[in-house]
Amino acid sequence: MSRSALPYREGMYSRMIIPIVWDAMSASAAKAAGATHLSLSGAALNNVHGYPDRGLMDINDVARTVNEITSATGLPLRIDGETGFGGGPRLHYLIEELL
């Protein structure tokens, strides 16, 4: 396992390098390289599906991708969802889908 994929501690501060992923294959590759946590890039996810990074991707596609990544790896996943997918009710729906 590479040192760069492991948590780093120095004194009272800790740092962790978290690889950016966009699908189950990239997530599995990151896990195989030693990653213990993952981050889903909104820009990369949109680009893979043919969208610009403008929040145009359907909320169900995001939820499906999150489920595919977590099922394939079992690792904690940080999700880039700054667009909010339409505000309160839609964001609530996304959270419900992800839990």
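Every chain is numbered independently, its residues counted from 1 as its sequence is written. Totals for whole chains, interfaces and linings use all residues, but because this is a predicted model, local features are given only for residues with pLDDT of at least 70 and pairs of side-chain atoms are given and counted only at 80 or more. Computation of side-chain values covers all heavy atoms of the structure but excludes hydrogens and water.

Caption draft 1: The arrangement of the overall build of the chain in detail. Every helix listed is a DSSP run of H or I at least four residues long, and every strand listed is a run of E at least two residues long, numbered separately from the N terminus. Helices and strands together make up the secondary structure of the chain, namely four helices and five strands. Starting at the N terminus, the α and β elements of the chain follow one another as β-β-β-α-β-α-α-β-α. Only protein chains enter the calculation, and the probe is 1.4 Å; a residue is then buried if its accessible area is under 20% of its type maximum, exposed if over 50%, and partly exposed in between. Per-residue burial over the chain gives 29% buried out of 99 residues. Residue contacts follow a heavy-atom distance rule, with two residues in contact if any of their heavy atoms lie within 4.5 Å. Nonlocal contacts in the chain, meaning residues at least 24 apart in sequence, comprise 54% of its contacts between residues at least 6 apart. Accessible surface, the chain: about 6,300 Å² in total, of which carbon and sulfur atoms supply 57%. Surface accessibility in these figures is a Shrake-Rupley result with a 1.4 Å probe; residues are shielded only by whichever protein chains are displayed.

Caption draft 2: Expanded view of the environment of Ala 72. Tracing the chain through its elements places Ala 72 in helix 3 (residues 59-73). A residue is classified by how much of its surface remains accessible, and Ala 72, at 41% relative accessible area, is partly exposed. Remark: the alpha-carbon pair of Ala 72 and Ser 28, spanning 44 residues in sequence, is separated by 6.7 Å. With residues near it in sequence (within four places) discarded, Ala 72 still touches Ala 24 and Ser 28.

Caption draft 3: Quick look at the pattern of salt bridges. Salt bridge, as applied in this entry: a Lys or Arg side-chain nitrogen positioned within 4 Å of an Asp or Glu carboxyl oxygen. For the coordinates displayed, the defined rule picks out two salt bridges. Between Asp 61 and Arg 64 there is a salt bridge, with its nearest N and O atoms 2.8 Å apart. Here the residue Asp 61 and the residue Arg 64 both occupy positions in helix 3, the gap between them amounting to three residues, near one helical turn. Accessibility expressed as a relative area gives 18% for Asp 61, which makes it buried. Exposure remark for Arg 64: the relative accessible area of 40% places this residue in the partly exposed category.

All quantities given are derived from atomic positions and should not be read as evidence of function.
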